[in-house]
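Residue-level listing of the chains:
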Amino acid sequence: MKQIFTALLLLAAMGLAANNLQITRVALVDNDPVAKTVMIEFDLSWDNSWRDDINWDAAWVIAKYFTGELPYPHCKLALEGAAAGTGTGHTLIVPDDSLTLNDTPYGVGAFMYRDSPGSGTFAATGARLKWNYGLNGFDTLPE
């Protein structure tokens, strides 16, 4: 797949030194031309990840696509169908922020964070977000 989107990540480190955030192996897979959706697959890692009984750090993952003009639009993500992948025990969730288009709810980002208390390197392989490119106005997957 050509470089049709830029995945940006922001790390919300609440008081500790989470660092070295990396996203690798970004690819578009499992295009569904009828539903006008495609999975954005990626690996995500960072050092000094942490979670205690009350607080934790997280990565906020967004995807944007290139139109030739600024600003790059957000990919409209399905609220259902995301897959956490494997690696450090974690959750991947597209929050419901009550955004809708044509009566279809969507999100513009996802949180990824540890499932249980722990610290150290966080690593997730094969995480997937479902991009509803039809909601972005495309009849076919952009190239």
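These numbers were taken from a predicted model, which means no experiment stands behind them. Numbers given to residues run from 1 along each chain, matching the order in which its sequence is written. Reporting in this predicted model follows two pLDDT cut-offs: at least 70 for local features of residues, and 80 or more for side-chain atom pairs to be given and counted; totals over whole chains, interfaces and linings ignore these cut-offs and use all residues. The side-chain numbers reported here are obtained from all heavy atoms of the structure, hydrogens and water having been left aside.

Here the focus is the pairing of strand β2 (residues 19-32). Sheet analysis places β2 next to strand β3 (residues 37-51), joined by eight bridges and oriented antiparallel. The residue bridging L28 from the neighbouring strand is I40, located in β3. Strands are labelled as partners when DSSP assigns at least two bridges between them. The secondary structure listing takes helices from DSSP runs of H or I that are at least 4 residues long and strands from runs of E that are at least 2 residues long, numbered from the N terminus. From the end of β2 to the start of β3, which pair antiparallel, there are four residues, and K36 there has a positive phi angle of about 60 degrees.

On to the nonpolar core, then. By size, the foremost hydrophobic cluster in this structure holds 24 residues, and its most contacted members are F42, L44, L77, M112, L129 and W131. Those elements that place two or more of their residues in this core are β3, β4 (58-65), β9 (110-114) and β10 (118-131). Contact definition: two residues touch when any of their heavy atoms are within 4.5 Å. When residues no more than four places from it in sequence are discounted, the contact partners of M112 are F42, L44, W46, A58, A59, A84, H90, T91, L92, F122, A124 and A127. In plain words, nonpolar cores are sets of buried Ala, Val, Leu, Ile, Met, Phe, Trp, Tyr and Cys residues tied together by side-chain atoms within 4.5 Å. Throughout, exposure labels follow a simple rule: accessible area from a 1.4 Å probe, protein chains only, divided by the maximum for the residue type, with under 20% read as buried, over 50% as exposed, and the rest as partly exposed.

To continue, consider a nonpolar patch on the surface. Surface patches are defined over residues having more than 30% relative accessible area and no salt bridge, joining like charges when they lie within 9 Å and nonpolar side chains (Val, Leu, Ile, Met, Phe, Trp, Tyr) when within 5 Å. Reported accessibility uses the Shrake-Rupley method at a 1.4 Å probe radius. Residues are deemed covered only where the shown protein chains occlude them. Salt bridges are defined as contacts in which a side-chain nitrogen from Lys or Arg sits within 4 Å of a carboxyl oxygen from Asp or Glu. Residues F66, L70 and Y72 make up a contiguous nonpolar surface patch of about 350 Å² in total accessible area. Of the residues examined, L70 reaches a relative accessible area of 71% and is grouped as exposed.

On average, residues of the protein chain score 88 in pLDDT, and 89% of them reach the 70 mark or higher. pLDDT expresses how confident the predictor is about each individual residue, on a scale running from 0 to 100. Ranking the elements of the protein chain by mean pLDDT puts strand β1 (residues 5-12) last with 42 and β10 first with 97. In the predicted structure, residues 1-15 sits below a pLDDT of 50 and forms 51 contacts with residues beyond four places in sequence or in another chain.

With that out of the way, let us pick up the pattern of salt bridges. Throughout the structure, instances matching the rule amount to four salt bridges. R25 is paired through a salt bridge with D43; the nearest N and O atoms lie 2.6 Å apart. Within this pair, whereas R25 is found in strand β2, its partner D43 is found in strand β3, the two being separated by 18 residues in sequence. Salt-bridge contacts for D139 lead to K36; the nearest nitrogen and oxygen are separated by 3.2 Å. Of the two residues, D139 sits in the segment after β10 while K36 sits in the loop between β2 and β3, which places them 103 residues apart along the sequence.

Another aspect to go through is unusual backbone geometry. Excluding glycine, residues mostly carry a negative phi; peptide bonds, for their part, are mostly trans. Across the junction of L70 and P71, the peptide omega takes the value -5 degrees, indicating a cis bond. Its place among the elements puts P71 in the loop between β4 and β5 (86-87). Not every positive phi belongs to a glycine, and N48 is a case in point at roughly 60 degrees. With respect to the helices and strands, N48 occurs in strand β3. Overall, N48 belongs to the partly exposed group, its relative accessible area being 41%.

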